[in-house]
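# Report on the structure
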Amino acid sequence: MKANRPLAVLVTIIFSIMMLLYVREFSVFSNTLEIKRLVLISMLGAGVMTVGAVWFWRSWFMPWEDHFPTAVMILIFSLVFAPLFGSLLNRGLGHDETQSFDFISETAYFATGYGVLKGEKLNPTGWKLRIREGEMDWRLSYKSQAYFPITKPGEKILLPLRQGIFGVRVVSLK
């Protein structure tokens, strides 16, 4: 049993790092314009690659009856982590540009873990930006500052975005 301990520790460390990357990527997901498309493309690609890899190394999974749960677990984990790797690949190999959108609104939001204390002065936790492109309305969120405090609804605004290799755009507001 002790021979498998280093492998178990390594897998636990890798899994923890992947979870940390996923949590850090949530803010990017909220500013990805075509998130459904990105998730579908990455899950489809991961599913095809995983099934292909299991078939290619099928001799490792023999007898099949004994290793079927392992193959299913590999497939499930690849599908769960596919959006993370799809997002990282999309942004990593993309290019920066600016694009014009119609401004709808920018509102502050407040989030506290334990409620508001009496007499406490509230500072915004972040901002929600609503924009329109053609017939599509997009909702973005960011935390650093209000970018459009005096902009009126219907005005054109320029936003920095990253055009990814999968055709999925990510607005670069922090």
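Keep in mind it's a predicted model, so treat the numbers as computed, not measured. Counting starts from 1 at the beginning of each chain's written sequence and moves along it residue by residue. Only residues with pLDDT of 70 or above have their local features reported here, since the model is predicted, and side-chain atom pairs are shown and tallied only from 80 upward, although totals for entire chains, interfaces and linings are computed over all residues. Excluded from the side-chain calculation are hydrogens and water; included are all heavy atoms of the structure.

## Some details on the packing of helix α1 (residues 5-29) against helix α3 (residues 64-92)
Between N-to-C directions, angles cover 0 to 180 degrees, with each direction set by a line fitted to C-alpha atoms, over the stretch in contact for helices. For the purposes of this entry, the term helix denotes a DSSP run of H or I that reaches at least four residues, the term strand denotes a run of E that reaches at least two, and both are numbered from the N terminus. Running from N to C, α1 and α3 point in directions that differ by 55°, and their axes come no closer than 10 Å. Judged on the interaxial angle alone, α3 and α1 are oblique. α1 and α3 meet at a crossing whose hand is left-handed. Note on element contacts: α3 touches α1 through Phe77, Val80, Phe81, Pro83, Leu84, Phe85, Ser87, Leu88 and Arg91, opposite Phe15, Met18, Met19, Leu21, Tyr22, Glu25, Val28 and Phe29. Put simply, angles under 35 degrees are roughly parallel, angles over 145 are roughly antiparallel, angles from 65 to 115 are roughly perpendicular, and the rest are oblique. With the far helix as reference, a near helix turned anticlockwise by less than a right angle produces a left-handed crossing, and one turned clockwise produces a right-handed crossing. Residue contacts are defined here by distance: any two heavy atoms, one from each residue, within 4.5 Å place the two residues in contact.

## Quick word on the pairing of strand β3 (residues 136-142)
Pairing between strand β2 (residues 126-133) and β3: 7 bridges, direction antiparallel. Across the sheet, residue arginine 132 finds its bridge partner in β3, namely aspartate 137. In this analysis, strands are considered paired if DSSP registers two or more bridges between them. Hairpin remark: β2 followed by β3, antiparallel, with 2 residues in the connecting loop; positive phi at glycine 134, about 65°.

## Here's the deal with the pairing of strand β1 (residues 95-109)
Judged from the 8 bridges that link them, β1 and strand β4 (residues 156-163) form a sheet pairing that is antiparallel. Across the sheet, aspartate 96 pairs through a bridge with arginine 162, a residue of β4.

## Points about the packing of aromatic side chains
The criterion for an aromatic pair is that two Phe, Tyr or Trp rings (for Trp, the six-membered ring) have centres within 6.5 Å, with stacked assigned to planes under 30 degrees apart, edge-to-face to planes over 60 apart and tilted to the rest. As enumerated under the stated definition, the model contains 13 aromatic pairs in all. With a centroid separation of 5.9 Å and an interplanar angle of 85°, the aromatic rings of phenylalanine 15 and phenylalanine 81 are classed as edge-to-face. Residue phenylalanine 15 is located in helix α1, and its partner phenylalanine 81 is located in helix α3; the two are separated by 66 residues in the primary sequence. Three or more aromatic residues link up through ring pairs in this structure, and these residues are Phe15, Tyr22, Phe26, Phe29, Phe77 and Phe81. Only lysine NZ and arginine CZ atoms are considered, and such an atom sits over a ring when it is within 6 Å of the ring centre and within 35 degrees of the ring normal. Taking NZ or CZ as reference, arginine 58 lies 4.3 Å from the ring centre of tryptophan 55, over its face. Lysine 128 extends its terminal NZ or CZ atom over the ring of tyrosine 109, reaching a point 5.0 Å from the ring centre.

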